[in-house]
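Chain residues, written in single-letter form:
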Amino acid sequence: GSQRFAIEISKQIKKLSPDRFVFIAPENIIHKELAKELDVRIAGINTGHIWEQIDLPLYLKKQGYPLLLNLVNTAPLFYKNKIAVVHDISWKHFPSYVSRKFYIWYKFLIPKIIKTSKFILTVSDFSKNDLIEEFNLKDNFIEVIYNSVSDNFKFLNLHREKIILSVASLHLCKNTEGLIKAFILLKNQNKFSNFKLVLAGGYNKKVFADTNIFELSKNRNDIIFIGHLSDEELIQYYNKSSLFVFPSFFESFGIPPIEAMSCGCPCVVSNAASLPEVCGDAAYYVNPYSIEDIAGGIEKVLNDENLRQDLIKKGFENIKRFSWENSAKKIIEIIDNIENNL
């Protein structure tokens, strides 16, 4: 989600103000076509955190200390002319869900980034209030910039297959284990015997704590892990699945549910964190800590055609609230205000 935010916001900023902003990256670029689109400048000789903390500030010093916009949680600690996007502090609420190294690094990093930034952005009112409370911030020091859905996520009117889809990294916060257990519970009750649970998303051992979801799904042909998907593949799955389920414990925003809505797939989501703010009345809510409630939500939406059609209709309306272009415009306005007051 945070990478998606960075990519889409960068593309819109480039489109809205092509000559004003400069995009900087280390030499180990992954998205080469995107880098070409953004006219990315290569700076420094290092990569990763070393590049961000040493090479990037040195480059900025040579450019006269311009205002730096950081879009994915981290930023140079000792460079003060910056705006930072802090998507969430899930690592603080659920420390056992991330690796020890990741927790220690973020516990050190995030407070110092907030302290040395001119302004903080985040992606929901929920996350804003969480950051204000945790770090005792002033309300006028932090602003909400919503995520959105890319334009190519559209309703294709495909035949809906007997697929229950979930799209999330295999982070324990996403509660994939709870979803698997709910699915198995339904199968054990002889319900939806011809349905498959399809799980899209990756697993990063450097960041995430160990998970036992692979053991839970062992020797089952009705639970399918398909890993990372391209946008084109995701759009196909959203359009051919009968139901999208997202029982996450914690989300700063939660892009997959609104992607599913844009493709006409009804959603069952958690009633936790930012999800009610983002999904509004366009999703069926369940308690993520109750396997029975998750299973009940799946059963309810799959069996009630009137509810399904109502959720689909409301989903199309709900996604109109979000726009990458409008979010980028809001960021540019904030930058203007900061630069005018320097």
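The structure this text deals with has already been given above.
Participant: Could you give an account of the overall build of the chain, naming the residues involved and the relevant values?
Facilitator: Helix and strand counts for the chain come out as 14 helices and twelve strands. For the chain, the C-alpha radius of gyration of 21 Å lies close to 20 Å, the compact-globule estimate for 342 residues. Across its three principal axes, the chain shows a C-alpha extent of roughly 65 × 40 × 40 Å. A separation threshold of at least 6 residues defines the contact pool for the chain, and within that pool the share at least 24 residues apart is 67%. Carbon and sulfur atoms provide 50% of the accessible area of the chain, an area that totals close to 16,700 Å².

Participant: I'd like a rundown of the nonpolar core, residues and numbers included.
Facilitator: Core analysis: the largest hydrophobic core is formed by 52 residues, its most contacted members being Phe-5, Tyr-238 and Phe-244. Counting residues per element, this core draws most heavily on helix H14 (residues 324–340), at seven residues. Setting aside its immediate chain neighbours within four residues, Tyr-238 contacts Phe-153, Arg-160, Leu-165, Val-167, Phe-244, Pro-256, Glu-259, Ala-260, Cys-263 and Cys-265. Core analysis: the next-biggest nonpolar cluster, separate from the first, contains 25 residues, Leu-170, Ile-180, Ile-223 and Leu-307 among them.

Participant: Got a sec to walk through the pattern of salt bridges? Specific residues and values, please.
Facilitator: Evaluated as defined, the whole model comprises 19 salt bridges. Asp-139 is the salt-bridge partner of Lys-128, the closest N and O atoms lying 3.2 Å from each other. Residue Lys-128 is found in helix H6 (residues 125–135), and its partner Asp-139 is found in the loop between H6 and strand E6 (142–144); the two are separated by eleven residues along the sequence. Each of Arg-4, Glu-8, Lys-11 and Asp-231 takes part in a single network of salt bridges with overlapping partners.

Participant: Give a detailed account of unusual backbone geometry, specifying residues and quantitative values.
Facilitator: We note that Asp-39 has phi near 55 degrees; this positive angle belongs to a residue other than glycine. Of note, the phi angle at Ala-273 is positive, near 55 degrees, even though the residue is not glycine. Tracing the backbone shows Ala-273 in the loop between strand E11 (267–270) and helix H11 (275–279).

Participant: Mind laying out H6, listing which residues take part and the relevant values?
Facilitator: Regarding H6, the residues found buried are Ser-127, Lys-128, Asp-130, Leu-131, Ile-132 and Phe-135. Here the buried face of H6 lies against helix H4 (90–93), helix H5 (100–116), strand E5 (119–122) and E6. Backbone geometry just after H6 places Asn-136 at a positive phi near 55 degrees.

Participant: Requested: an account of the sheet that holds strand E9 (residues 223–227), with residues and values cited.
Facilitator: One open sheet holds the six strands; their spatial order is E9-E8-E7-E10-E11-E12, and the pairing between them is parallel. At either end of the open sheet lies a strand with only one pairing partner, and these are E9 and strand E12 (284–286). Taking each pair of neighbouring strands and ignoring which way they run, the sheet shows an average axis angle of 25 degrees. One ladder, built from three bridges, connects strand E7 (residues 161–167) with strand E10 (residues 241–246); its direction is parallel. Looking at E10, one finds that Glu-161 is bridged to Ser-241. In the packing of helix H7 (residues 176–188) onto the sheet, contacts are made with E7, strand E8 (196–200), E9 and E10, and the angle to E8 comes to roughly 170 degrees.

Participant: Let's hear about the packing of H7 against helix H12 (residues 291–303): which residues, and what values?
Facilitator: One can describe the packing of H7 onto H12 by two numbers: an axis separation of 8 Å at closest approach and a directional angle of 65 degrees. When the axes of H7 and H12 are compared, the crossing they make is right-handed. Contact residues: H7 offers Gly-178, Leu-179, Lys-181, Ala-182, Leu-185 and Leu-186, while H12 offers Ile-291, Glu-292, Ile-294, Ala-295, Ile-298 and Glu-299.

Definitions and limits used
Residues numbered from 1 in each chain as written. Predicted model: local features only at pLDDT ≥ 70, side-chain atom pairs only at ≥ 80, totals over all residues. Heavy atoms only, no water. Helix = DSSP H or I, 4+ residues; strand = E, 2+ residues; numbered from the N terminus. Rg over C-alpha atoms; globule rule 2.2 N^0.38 Å. Contact = heavy atoms within 4.5 Å. Areas by Shrake-Rupley, 256 points an atom, 1.4 Å probe, with all protein chains shown as cover. Core = buried A, V, L, I, M, F, W, Y, C linked by side-chain atoms within 4.5 Å. Buried < 20%, exposed > 50% of the residue type's maximum accessible area, 1.4 Å probe, protein only. Salt bridge = Lys/Arg side-chain N within 4 Å of Asp/Glu carboxyl O. Pairing = 2+ DSSP bridges. Axes fitted to C-alpha atoms, helices over the stretch in contact; angles between N-to-C directions. Left-handed = near helix turned anticlockwise from the far one by under 90°.

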